[in-house]
Amino acid sequence: MTSPFRKKIKEALADKNLQDALDLNAERRLTAIKAAYASLPQDLQSVRKQAHEVREKVIENLGDYLEQFISNAQDNGIIVHKAESANQAVEKILDIVRRRNARVIAKSKSMVSEEIHINTALDEAGMKVVETDLGEFIIQLNRQPPSHIITPAVHLTRQEVGEIFERELNVPFTEDISELTAIARKELRRTFLEADVGISGVNFGVVEDGALCIVTNEGNGRMVTTLPETHIAVMGIERLVPTMADLACMLYLLPRSATGQKLTVYTTIIRKPRQAGDNDGPGECHLILVDNGRSKVRNSALRESLYCIRCGACLNACPVFQEIGGHAYVGVDGGPTTYPGPIGSVVSPGLFGLKQFGQLARASSLCGACRDACPVDIDLPKLLLRVRAGMGSPGDYDLGEISVGRASANAPPGIRLGIKIFSWMASSPGRFGIGQRFAKTAGRVFYPSSGWVSLPRFTGWGYSRDFPRPAEPFREQYLKKRAASIPLREPKPSGERESAEALPPREQPPLRQGSELPVQRFERELTALGGSVIRCDSKNIGKNILAVLELNKSSWIQAWDRDKFPDGLLEELNNSGIRVQTEPDPDIKVGLTAASAGIAETGTLAISRGLGCPQTASLLPEIHIAVLNQGDIYESLTDVLNLAELRESSYVTLISGPSRTADIQMTLTIGVHGPAKVIVICFN
Amino acid sequence: MPDKVQLFATCIIDTLYPEIGFYVIDVLERAGVEVEFPPEQTCCGQPAFNAGLRHLSRPIAEHFIKTFENTDGPIVAPSGSCTAMVKHGYRELFAGDEAWFSRAEGIAGRIYELSEFLVDYLGVTELEAHFPARIAYHPSCHLLRDLGVNSQPRTLLEAVAGAELCELPYANECCGFGGVFSAEHPEVSTAMLDRKIRNIEESEAEVVVTCDAGCMTHINGGLHRRREGLRAVHIARILASRPGAEELFG
């Protein structure tokens, strides 16, 4: 009589590969995240508090913010579609791709697109849709849903991935992770170049600018939002932040909580489709705003779950998730849910039905590790308890319903009966005493020779644990005798109340104390990420570029227009025999751009799309050389996000090092879809 | 004139571990307070609340409030989870009912977990306890995360003569009890318990000390079923110990 959920749990517990994979995930993630939090410029708790307040403000005033956001996005030329249900969202997307006569659709990672099951719909409509995030690509080939919000293929070993590639892509078997990544890169490069439509998710919509922010590491997110003629962005209505400063706050937390990075390799801000002067980019940019139950959740006792920024930190912290993995989280009828783990155990019942998914909230020991891990400080245990009490229906936001729990709680019958008896007894001291005496007698009768009771398996507890036999209750003994008295002690001064987790000591913040120059910090950060920085005088820029080209045996480059660089630079390169063009070419190995700005604290370049500034130059070739004026290096992310020049651009990417992934067995590989080498010529 | 405190024994200690109730009184008296025990007390209502059966938790919680309302002084409970229920859980339970909510808040402001009470309220860390053994501390989840209490039990244990404190690997991981969770999801609960027991074994501690009888019951219950030696002990037992005290498990 085991439910599908319990069956899947048992399967997961018995699956050695899965167990190893989950242990590895937890280990690596938690170490990386702790270190990343230590690097926050401000105290973690105050940033979390700020982030919580930002999201709370948004959700409280969601209607108004949405209206403003839509209006600003439309002013930017983004075509906005509101979809109340998953079906409506699918219809609108199908409509767009049909009008385009799309044959190939390239997708970058989007959980909400999984939620609406867009891939199935596109398949049925006869279109080829290819997941381009490495983890999603793998599970698509394996015909499985993702098992984690951030690392969809975390449940697979590299051997399994090798087998999947061999089977589905007709390549010789390899379990070497860099080889596997190279296979995926080659396969997907074709997809990027031939795709008619790119579908992406959105991490944050910025209300004041009407802009979309997408964070990625591999470069596929940039590909699908740059190369195809049509871009469709799919976004849950709750994923808004009011201002660019609020975006900065979120960006301090999201990458750190998700993958332990200070910033993902690519942080892209999309304002407009291709403008008259832009060299590349989609001619049409659509935004599908998906409700699919979010308004209902907002009106329910589970409202706070909408603050979630989908970082996956709670999954990585959860001891239950660590034992069972994402695929075990199924509904009463055995069907999967898009969202597993602690947050999933609240949003799945909230969005997709309490009856189906309420049971997930009961598979928790309420240890609170999720709440501690959450960058937005969502009180997940409180919400899980509300789901157990049957709360989470639209209208029950006001908690005044005392009768809640009678019919709507999802406690199984055995527990209900047991608790009913216990409650009857524990609400009166007389009955409680009788109950205790009864338990003591029953214990003596059934287990006379042992101080321990072995309950039968059906009790759940009895599955693997014994139980001490009830003795004469404390209250009875107390009332019969007194405890011995002991002399007084001198009270000592009280100690500090400590917070639950001790964090490692904070990294030195050199900038604010003026002991390290921005350019030095920039160099240090980018080098740590695998990029390189060459500092020189402005007259030596050309010489240094030529040296890099020589080293990499390259004499043909894609570059921005000459007026984007210091005077005479491109001429100098030409004169030395370098072939320079603005258009991309698959055989070009080096791209040369200028950077509008740099961020010291994360080693980041700001690369803006515009007239004479193709995004492809910093995206398609293996090597990206960027020319950056030392004076344009700012201290922090917040400074750069607010730069007027960047806020006017139709498309900006903040680049922090070479492209990377750890989607296969949590092992880092550098160089996926975006450039594998990033070299910054920093001049003064 | 010593402070007067009200002891909340908790239903599990009252029923299964009465000796711990006496250890707690002993410890508190040694720390210089007078202990009263309102005998009508039963339970804080957490099991029903955690099961989602709030209407069954209410009568128990109301009885708790009524029991302690007519008493004076701090309420001390040898349990992190019960303390957390009264301090935080009652806010959820009585939300929307103004009268009961404010009565609950009155009680919530008075309740402390034992180690928190000793160190933070009384400023007492030295109890002249004597327990020569290698001990490790298991931080129970509600105590650690709900109440933010972690250094206090450790401080108390460090002062125990003869005790050699060692670190439990992955100490902050849940033992898998979770109340009704252990009965509803025995497989996962057991997997988590297995992990905790492995970590206890790796620490080579003879005794693992906890402030919550729920964790203690879970750990010992599992060890007993495997026919292995019991290891988990409530902190009150350690703090109440003196030279020549009786055998721990017998």
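This one's a predicted model, so the numbers in the text were calculated from it and none came from an experiment.

Sorry if this is basic, but what is going on with the overall build of chain A here?
Along its length, chain A carries 28 helices and 24 strands. Here the C-alpha atoms of chain A give a radius of gyration of 29 Å, agreeing with the 26 Å that 2.2 N^0.38 yields for 684 residues. The principal-axis extent of the C-alpha atoms belonging to chain A is close to 105 × 70 × 55 Å. A total of 684 residues make up chain A; the buried ones form 54% of that total. For chain A, restricting intrachain contacts to residue pairs at least 6 apart in sequence, the fraction spanning at least 24 positions comes to 76%.

Would you mind going over the overall build of chain B with me for this structure?
When helices and strands are counted, chain B shows 13 helices and eight strands. For chain B, whose C-alpha radius of gyration is 18 Å, the value lies close to the compact-globule estimate of 18 Å for 250 residues. Overall size of chain B, expressed as C-alpha extent along the three principal axes, is 50 × 50 × 30 Å. Evaluated residue by residue, chain B yields a buried proportion of 63% over its 250 residues. Excluding contacts between residues fewer than 6 apart, the proportion of contacts in chain B whose partners are at least 24 apart in sequence is 76%.

Could you clarify how one ought to interpret the domain arrangement of chain B in this entry?
A common way to state how big an interface is: give the accessible area lost once the parts meet. Residue and element names in this part refer to chain B. Examined at the domain level, chain B breaks down into domain 1 (3-120) and domain 2 (126-240). Relative to domain 2, the C-alpha centre of domain 1 lies at a distance of 22 Å. The interface of domain 1 with domain 2 comprises 29 residues on the first partner and 23 residues on the second. Among the elements of the structure, α1 (11-16), α2 (18-30), α3 (46-50), α5 (80-93) and α7 (114-121) are those that each provide at least two residues to the side of domain 1 that touches domain 2. Here the residues of the side of domain 1 that touches domain 2 sort into 15 nonpolar, nine polar and five charged.

In this structure, what is going on with the confidence of the model for chain A? I would like to understand it.
Parts of the model with low pLDDT should not have their predicted coordinates read in detail. Mean pLDDT over chain A works out to 91, with 94% of the residues at or above the 70 mark. Contacts from residues 485-513 of chain A, a stretch scored under 50 in pLDDT, to residues over four places away or in other chains number 58 contacts.

Explanation requested: the sheet that holds strand β15 (residues 579-581) of chain A in the structure shown.
Residue and element names in this part refer to chain A. Across the sheet, which stays open at both edges, the six strands sit in the order β13-β24-β19-β16-β14-β15 with parallel pairing between neighbours. Looking at the sheet topology across the chains shown, the edges are occupied by β13 (532-536) and β15. Taking each pair of neighbouring strands and ignoring which way they run, the sheet shows an average axis angle of 25 degrees. By the bridge criterion, five bridges tie strand β16 (residues 590-594) to strand β19 (residues 623-629) in an arrangement that is parallel. Across the sheet, the residue bridging to A594 is V627, located in β19. The sheet strands contacting helix α24 (residues 518-528) are β13 and β24 (677-683), and the helix crosses β13 at an angle near 150 degrees.

It is not clear to me how helix α9 (residues 151-158) of chain B should be interpreted in this structure. Could you clarify?
Note that an α-helix has 3.6 residues per turn; residues three or four places apart therefore point the same way. All names here are of chain B. The complete set of buried residues in α9 reads Q152, P153, L156 and L157. Each buried residue of α9 lies within a common arc of 130 degrees when the element is viewed along its axis, so the set occupies one face. Against the buried residues of α9 lie α7, β5 (130-137), β6 (161-166), β7 (207-210) and α13 (235-240).

Whenever I open this one, the pairing of strand β6 (residues 211-216) of chain A confuses me. Can you help?
The side chains of a regular strand alternate between both faces of the sheet. Residue and element names in this part refer to chain A. Burial within β6 is extensive, with six of its six residues counted as buried. Neither face of β6 is left uncovered, since the one carrying A211, C213 and V215 and the one carrying L212, I214 and T216 both have all their residues buried. Judged from the three bridges that link them, strand β5 (residues 204-206) and β6 form a sheet pairing that is antiparallel. Bridge pairing in β6 links F204 to C213. With five bridges joining them, β6 and strand β9 (residues 266-270) adopt antiparallel strand pairing. Of the residues in β9, the one forming a bridge with I214 is T268.

Honestly, the interface of chain B and chain A in this entry has me stumped. Any pointers?
Between chain B and chain A, the residue contacts involve 77 residues of the former and 79 residues of the latter. Taken together, the residues of the side of chain B that touches chain A sort by class into 34 nonpolar, 26 polar and 17 charged.

Explain the confidence of the model for chain B to me, please; I cannot follow it from the model alone.
For chain B, per-residue confidence averages 94 on the pLDDT scale, and 96% of positions sit at 70 or higher. In the predicted assembly, ipTM is 0.96 and pTM is 0.93.

Honestly, the sheet that holds strand β1 (residues 3-7) of chain B in this entry has me stumped. Any pointers?
Residues and elements named next belong to chain B. One open sheet accounts for four strands, arranged β2-β1-β3-β4; its pairing is parallel. Each of the sheet's edge strands pairs with one partner strand only, and the pair in question is β2 (33-36) and β4 (111-113). Across this sheet, the average inter-strand angle for adjacent strands is 35 degrees, counted without regard to direction. Here three bridges tie strand β3 (residues 75-77) to β4, and the two strands are oriented parallel to one another. Looking at β4, one finds that I75 is bridged to I111. Docked against the sheet, α5 engages β3 and β4, running at close to 155 degrees with respect to β4. This element, α7, spans β3 and β4 of the sheet and lies at about 100 degrees to β4.

It is not clear to me how the domain arrangement of chain A should be interpreted in this structure. Could you clarify?
Residues and elements named next belong to chain A. Each assigned domain of chain A is listed here: domain 1 (1-38 + 301-396), domain 2 (61-294), domain 3 (422-478) and domain 4 (513-683). One C-alpha centre belongs to domain 1, the other to domain 2; they are set 23 Å apart. Contacts between the two partners involve 26 residues from domain 1, matched on the other side by 28 residues from domain 2. Looking at which element gives the most residues to the side of domain 1 that touches domain 2, the answer is helix α2 (residues 16-38), with 10 residues.

Which parts of the structure should I look at to understand unusual backbone geometry?
In terms of backbone geometry, most residues other than glycine have negative phi values and most peptide bonds are trans. Of note in the backbone geometry, M666 of chain A takes a positive phi value of approximately 55 degrees without being a glycine. Turning to its location among the elements, M666 of chain A is positioned in the loop between β22 (660-661) and β23 (669-670). The backbone phi angle of E204 of chain B is positive, close to 60 degrees, even though this residue is not glycine.

Help me understand the nonpolar core, please; the structure alone is not making it clear to me.
General note: in soluble globular proteins, nonpolar side chains tend to be found buried as a group. By size, the foremost hydrophobic cluster in this structure holds 294 residues, and its most contacted members are M250, I288, V290, C314 and V680 of chain A together with V76 of chain B. For this core, the leading source of residues is helix α12 (residues 244-259) of chain A, giving nine residues. Contact partners of C314 of chain A, with chain neighbours within four places excluded, come to G341, P342, I343, C370, A373, C374 and L380 of chain A.

How should the environment of T259 of chain A be read in this particular structure?
Residues and elements named next belong to chain A. Structurally, T259 is set in helix α12. For the pair formed by T259 and I150, sequence separation is 109 residues and the distance between their alpha carbons is 8.3 Å. Among residues more than four places away in sequence, those in contact with T259 are A32 and I150.

Help me understand the packing of helix α11 (residues 186-203) of chain B against helix α12 (residues 213-225) of chain B, please; the structure alone is not making it clear to me.
Two numbers describe a pair of packed helices, the interaxial angle and the distance between the axes. All names here are of chain B. Between α11 and α12, whose axes approach to 10 Å, the crossing angle comes to 85 degrees. Our classification of the angle between α11 and α12 gives roughly perpendicular. For the pair formed by α11 and α12, the contact residues are L193, K196 and I197 on the first element and H218, I219, G222 and L223 on the second. Classifying every residue of the contact of α11 with α12 by side-chain character gives four nonpolar, two polar and one charged.

Is there a simple way to think about the packing of helix α20 (residues 413-426) of chain A against helix α21 (residues 429-446) of chain A in this case?
All names here are of chain A. Look at α20 against α21: their axes get within 6 Å of each other, and the N-to-C directions meet at 125 degrees. One element, α20, and the other, α21, form an angle in the oblique class. Contact residues: α20 offers W424, M425 and A426, while α21 offers R431, F432 and G435. Taken together, the residues of the contact of α20 with α21 sort by class into four nonpolar, one polar and one charged.

I keep staring at the environment of A133 of chain B and nothing clicks. Help me out?
One can find A133 of chain B in strand β5. Apart from residues no more than four positions distant in its own chain, A133 of chain B is found in contact with A163, E206 and V207 of chain B.

Reading the values: the criteria
- Residues numbered from 1 in each chain as written.
- Chains lettered and ligands numbered in written order.
- Predicted model: local features only at pLDDT ≥ 70, side-chain atom pairs only at ≥ 80, totals over all residues.
- Helix = DSSP H or I, 4+ residues; strand = E, 2+ residues; numbered from the N terminus.
- Rg over C-alpha atoms; globule rule 2.2 N^0.38 Å.
- Buried ≥ 20, exposed ≤ 12 C-beta atoms within 10 Å, placed from the backbone.
- Contact = placed C-beta atoms within 7 Å.
- Domains from an automatic or database assignment.
- Nonpolar A, V, L, I, M, F, W, Y, C, P; charged D, E, K, R; others polar.
- pLDDT = per-residue confidence, 0-100.
- Pairing = 2+ DSSP bridges.
- Axes fitted to C-alpha atoms, helices over the stretch in contact; angles between N-to-C directions.
- Arc of directions from axis to C-beta.
- Core = buried A, V, L, I, M, F, W, Y, C linked by C-beta atoms within 7 Å.
- Parallel < 35°, antiparallel > 145°, perpendicular 65-115°, else oblique.

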